[in-house]
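Each chain is listed here by its residues.
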Amino acid sequence: MAGIDRIRRWSGTRGAVTAVLVAAVGLLCLVLLLPLTARTQGSARQITLVTRNMAFYLEGGTEPNPTIQVRAGEEVRFTVLNRDPGFQHNFSVEAWGLETQFVETEASTSVLVRAPARPGSQPYVCTPHGKMMRGIIEVVAD
Ligand SMILES: [Cu+2]
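Rules and cut-offs
Residues numbered from 1 in each chain as written. Predicted model: local features only at pLDDT ≥ 70, side-chain atom pairs only at ≥ 80, totals over all residues. Helix = DSSP H or I, 4+ residues; strand = E, 2+ residues; numbered from the N terminus. Buried ≥ 20, exposed ≤ 12 C-beta atoms within 10 Å, placed from the backbone. Pairing = 2+ DSSP bridges. Axes fitted to C-alpha atoms, helices over the stretch in contact; angles between N-to-C directions. Core = buried A, V, L, I, M, F, W, Y, C linked by C-beta atoms within 7 Å. Contact = placed C-beta atoms within 7 Å.

A. Structural context of the overall build of the chain. Summing up its helical and strand segments, the chain has one helix and nine strands in all. For the chain, the N- to C-terminal ordering of α and β elements is α-β-β-β-β-β-β-β-β-β. The buried share among the 142 residues of the chain stands at 15%.

This is how it looks when you write it as structure tokens:
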């Protein structure tokens, strides 16, 4: 009788361990697959900022340090492409807690962020060249 009891307890524990494992694997799959789904669905808006002559330009744009508009709560992927020989640049929106790594000439970096839920305007800068490389990022109501 004691032996059967022990077996029952053991299989009970085993069942619980299995359940925890299944839950953990399931959660891991969710965590791993969610960003993939988001990426394949292309839900994030791509904004490429090209740096040259100590200024930001939108890809194909001619206006230095343009005002960038995003929608409230929108998921945005910012890519900084450095076309400025001899200078390292980054992209930072301090109010959003956003700061990319520094980018060497002819290199790029990307960062995925969610725009604030509340509309408003904040400055964006290149941290070491904030006097010259400075523009406004506008969050507009969705
Ligand atoms: Cu810079």
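B. Highlighting the sheet that holds strand β1 (residues 45–52). Spatial strand order, β2-β1-β4-β7: four strands in an open sheet with mixed pairing. Each edge of the sheet is formed by a strand with only one pairing partner; in this case those strands are β2 (55–58) and β7 (108–114). This sheet shows a mean twist of 25 degrees between the axes of neighbouring strands, independent of strand direction.

C. Here's a closer look at unusual backbone geometry. One non-glycine residue with positive phi stands out, namely Met54, at about 60 degrees. One can find Met54 in the loop between β1 and β2. At Asn65, a position not held by glycine, the phi torsion is positive, near 45 degrees. For Asn65, the location among the structural elements is in the loop between β2 and β3 (68–71).

D. Highlighting the nonpolar core. Ranked by size, the top nonpolar core spans 15 residues in total, and within it Leu49, Val80, Phe91 and Met133 carry the most contacts. Elements supplying a minimum of two residues to this core: β2, β4 (75–82), β8 (120–125) and β9 (134–140). With sequence-adjacent residues up to four places away left out, Leu49 is seen in contact with Phe56, Leu58, Phe78, Val80 and Phe91.

E. Fine view of the environment of Leu98. By the secondary structure assignment, Leu98 is in strand β6 (residues 98–99). Spatially, the C-alpha atom of Leu98 lies 8.6 Å from that of Val111, the residues being 13 residues apart in sequence. Not counting chain neighbours up to four residues away, the residues in contact with Leu98 comprise Ser92, Val93, Val111 and Val113.

F. Quick peek at the environment of Val140. Examined against the element boundaries, Val140 turns out to sit in strand β9. By the C-beta count within 10 Å, which is 13 here, Val140 ends up partly exposed. Linking Val140 and Glu74, residues 66 residues apart in sequence, is a C-alpha distance of 9.9 Å. Ignoring any residue separated from it by four or fewer positions in sequence, one finds Val140 in contact with Gln69, Arg71, Ala72 and Pro119.

G. Expanded view of the pairing of β9. When β3 meets β9, the two strands line up parallel, connected through four bridges. In the sheet register, Arg71 faces β9, and the bridge partner there is Val140. Here six bridges tie β8 to β9, and the two strands are oriented antiparallel to one another. Residue pairing across strands places Pro123 opposite Ile136, the latter belonging to β9.

H. Geometry of the environment of Phe91. Of note, Phe91 is situated in the loop between β4 and β5 (92–93). Residues Phe91 and Pro128 lie 37 residues apart in sequence; the distance between their C-alpha atoms is 10.0 Å. Not counting residues up to four positions away in its chain, the partners in contact with Phe91 are Leu49, Phe78, Val80, Thr100, Tyr124 and Cys126.

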